[in-house]
Amino acid sequence: MRFTLSWLKQHLDTTATLDQIVTALTDCGLEVEDVQDQAALYAPFKVVSVINAAQHPNADRLRVCTLQTESGTAEVVCGAPNARAGIRAVYAPEGSYIPGHDFVLKKSVIRGVESNGMLVSEAEMRLPTTNDGIIEVPTDTPIGTPFATLYGLDDPIIDVSVTPNRPDCAGVRGIARDLAAKGLGTLKPLPPVTITATAPSTVNVTIATPDCPQFVGRVIRGVKNGPSPQWLQNLLKAAGAKPISALVDVTNYFCLGLSRPLHVFDADKISGNLSVRAANGTESLAALNGKTYTLPEGAVGVYDDMNILALGGIMGGEASGCDNGTTNVFLEVADFAASRIARTGRDLQIISDARYRFERGIDPTNLVEMADRATQMIIDLCGGTPDALVNAGHAPAATASLAYAPSDADSLLGIVIPAERQKQILTDLGFTVTEAPKNVWHVAIPGWRPDIAGPRDLIEEVIRIYGYHHLASVRLPSSTAVLFPPAENGKGRLRRLARLALAQSGMMECVTWSFMDGQHAALFQPVGDNQPITLSNPISNDLDTMRPSILPNLLHAARKNADNGMSSAALFEVGPVFQGTAPTQQPWMATAIRTARTGDRHWLPDAAPRPVDALDAKADAISVLAACGIPVERLQASRDAPPYYHPGRSGQLRLGANVLAYFGEIHPAVLRAMAVETQAVGCEIFLGSIPDSRKKNDTIPLLKVPALLPITRDFAFIVNQDVHADILLAAVTAADKEMIKDVSVFDVYQGVHVTAGQKSIAISVTLQPGDVSFTDADIAAISQKIVKTVADKTGASLRA
């Protein structure tokens, strides 16, 4: 359940800080999974004016856009179809982190034209959208307006994990009620609403299934549908819902805010009257999600005199849906049996916000009130006049109540909670407490708490709000053993994990001097860095310089091994290097080398040794990074290794702008200077650059085996010769991060049928279906999306 702080304060009158609210939610038993301060995340993104959009000289689908920013002008290359002069858009400057694609933006050259940043889309800003183009804002928006302010994203977002027994907390008001009971403020009363009907209802409703106890509805005439106000769109986007139109957004606002699913029909698309009955197992519904379902027998359907209109409690039908041309709307507020909704949703594999709430149980007592409130909001946003309310079925006859003795809480919990405090807690949570003789109370259960079944549930509510910290601690038997706190800190843990990973790769650990020969040190001094640190009083002439890298010490050890008959070596060391006198210039590195061949001679062909190569060093670096918690599937490789590596057989691994490792073959000239006669490869991992793990613990998650088998599709793209394969792989992966599970290159070709200066890169893409098998149309759509994304990002075309 995601919501913003401002949405919470619509229901809770409080002065509590965000940290206090988060702590109180956890104390109430509502686990806070995440808190997002989006103002900081979106700080670099601001509004600019596109003053010119010229055709790219080397690409038909690209434009070179000149932007007026708050600090001057900038030029970017843009492939969005709506990029044009005169609009105002959102600009991401160089160095910005793009949350939708999880990368740091760098200055780049696209088809020969330099691009200094980019114009962003809503998808790239990690916002729900159906638009593939860049964001357009009103032309009167001031240049330099922060994107977060424009979209209302400077409002902190709280993500709460709601347990299945708390359907009331599937709405913001239920969460506010718990916080008010906890003492963080006062629950604001909902404003009174009075609806005066202007005409009798022209639509009648009949119910012919016990799985719909009550159905309330109303026709509202003369509405004007269109985009909802920006404040409402911002709330829904923050909660993860897509704004669609004012009428639909009102239903989502009630669903997420008050845990009350609603539905709106276009009244002009209803033929005659409505009936709610069980499906016979043969009817089909073209639903609002674009899919067609055959309703299982017993599913609750909403019908007019001609057709089925909706799958009750789960999803509406496309034929009766509201659009911008809707002028008369029928509002549905209904109650459906939780077990029936759960069974139907499971049979059809439909996941919707309505199903999520109905199958857990919603308040069955307030349908008329919610219908009036929703009517008022529709009139406020869309205008119109209401007809009389039609009310079929009936609400529950009486509110359930329990006999409750406050003393039972004391005996069960082992602590004394004053009776008045217990009464206050229950009252604040919405229970009605009536005291009776012999200290036994009658507690009426509100309709929004279907999880309360007995007195012990009430005791749980009392201690949940009173505070678990009041419970007495359990003392373990004393022990004479002395337990010391762990001595390992985060940095020490990374060093240990690096040693373990390299040792498990079959390498031997070395511990070498921090000094070395100055002539060798000069070979490994990165270009542009300070000069090697020389010692004023070295212990020997060949140990006169602090090592700028561990590689030369390991190469020296490998040479000594070779002199003694061990030509193949696999050595590593974890320790500091010295690139300056400041502590920040002495980072800890995990360094490894392999020389000559991969192993000893063997009679099996598959086990026969081969010469070591750059990919062996890359594998060693990746094994260390994986052990240290880096998501290696997101690593980016480039050819930016230092000059002591072979220029064509080396590279670096990074996450965005954060360089994590170098790897590759050692430059032949360096090996000759160090008298190393065998081929050598190495890697250097910057342990200090590894970010802290975001995992809450190291528990291995349960293995989730997909129910359906994956499929593979192969693509061959024609690209310029200077386009690297990893850029193409990243573009394919970005096309659909949910369905695409693996991407790999299986062929690179230059020759006949391929234009000079270009190459063909063949890629295998693995697609994993979710709960429903792919159709041919699904696969075709994903394939087209892959081809379009690759073309937009790299300029590649599908090979004929």
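Quick summary incoming for the structure in this document.

Calculation rules
Residues numbered from 1 in each chain as written. Predicted model: local features only at pLDDT ≥ 70, side-chain atom pairs only at ≥ 80, totals over all residues. Heavy atoms only, no water. Pairing = 2+ DSSP bridges. Helix = DSSP H or I, 4+ residues; strand = E, 2+ residues; numbered from the N terminus. Axes fitted to C-alpha atoms, helices over the stretch in contact; angles between N-to-C directions. Contact = heavy atoms within 4.5 Å. Buried < 20%, exposed > 50% of the residue type's maximum accessible area, 1.4 Å probe, protein only. Polar contact = N/O pair within 3.5 Å; in protein donor to acceptor, adjacent residues only side chain to side chain. Parallel < 35°, antiparallel > 145°, perpendicular 65-115°, else oblique. Nonpolar A, V, L, I, M, F, W, Y, C, P; charged D, E, K, R; others polar. Core = buried A, V, L, I, M, F, W, Y, C linked by side-chain atoms within 4.5 Å. Salt bridge = Lys/Arg side-chain N within 4 Å of Asp/Glu carboxyl O.

On to the sheet that holds strand E30 (residues 440-444). The antiparallel open sheet is built from three strands, whose spatial order is E28-E30-E29. Either end of the sheet is taken by a strand with one partner, and the two such strands are strand E28 (401-404) and strand E29 (432-436). Direction aside, the axes of adjacent strands within the sheet are offset by 25° on average. Here five bridges tie E29 to E30, and the two strands are oriented antiparallel to one another. Paired with Ala 436 across the bridge in E30 is Val 440. Along the sheet face, helix H12 (residues 419-428) touches E28, E29 and E30 and points at about 145° away from the line of E29.

Relative to the assigned elements, Thr 14 resides in the loop between strand E2 (12-13) and helix H2 (18-27). For Thr 14, a relative accessible area of 12% corresponds to the buried category. In this structure the C-alpha to C-alpha distance between Thr 14 and Ala 180, which are 166 residues apart in sequence, comes to 8.4 Å. Here Thr 14 is in contact with Lys 9, Leu 184 and Gly 185, once residues within four sequence places are set aside. Side-chain polar atoms of Thr 14 contact the backbone nitrogen of Ala 16, separated by 3.0 Å. A polar contact of 2.4 Å, which involves the side chain of Thr 14, links it to the backbone oxygen of Leu 184.

This next bit is on the packing of H2 against helix H5 (residues 172-182). Orientation of H2 relative to H5, taken along the N-to-C sense of each, is 95°, at an axis distance of 10 Å. Taken together, the axes of H2 and H5 lie roughly perpendicular to each other. Of the residues in H5, those touching H2 at Ile 21, Ala 24, Leu 25 and Asp 27 are Ile 175, Leu 179 and Lys 182. For the contact of H2 with H5, the residue count by class is five nonpolar, no polar and two charged.

Turning our eyes to something else, we now look at the nonpolar core. Counting 50 residues, the largest nonpolar core has Phe 3, Leu 8, Ile 21, Leu 25, Ile 175, Leu 179 and Ile 378 as its most contacted members. Broken down by element, the residue count for this core peaks at seven residues, all from helix H10 (residues 367-382). Those residues in contact with Ile 175, other than ones at most four positions away along the chain, are Met 1, Phe 3, Leu 8, Leu 25, Leu 30 and Cys 169. Ala 267, Ile 270, Met 315 and Ala 334 belong to the second largest nonpolar core, which has 36 residues in total.

Closest axis-to-axis distance for the H12/helix H13 (residues 455-466) pair is 9 Å, and the angle between their directions is 95°. One way to sum up the angle between H12 and H13 is to call them roughly perpendicular. Counted together, Arg 421, Gln 422, Ile 425 and Leu 426 of H12 and Leu 458, Glu 461, Val 462, Ile 465 and Tyr 466 of H13 form the full contact between these two elements. Of the residues that constitute the contact of H12 with H13, the class distribution is six nonpolar, one polar and two charged.

Right, let's talk about the pattern of salt bridges for a bit. As enumerated under the stated definition, the model contains 28 salt bridges in all. A salt bridge links Lys 269 to Asp 266; the nearest nitrogen and oxygen atoms lie 4.0 Å apart. Residue Lys 269 is classed as partly exposed on the basis of its relative accessible area, which comes to 33%. A salt bridge links Glu 509 to Arg 499; the shortest N-O distance between them is 3.0 Å.

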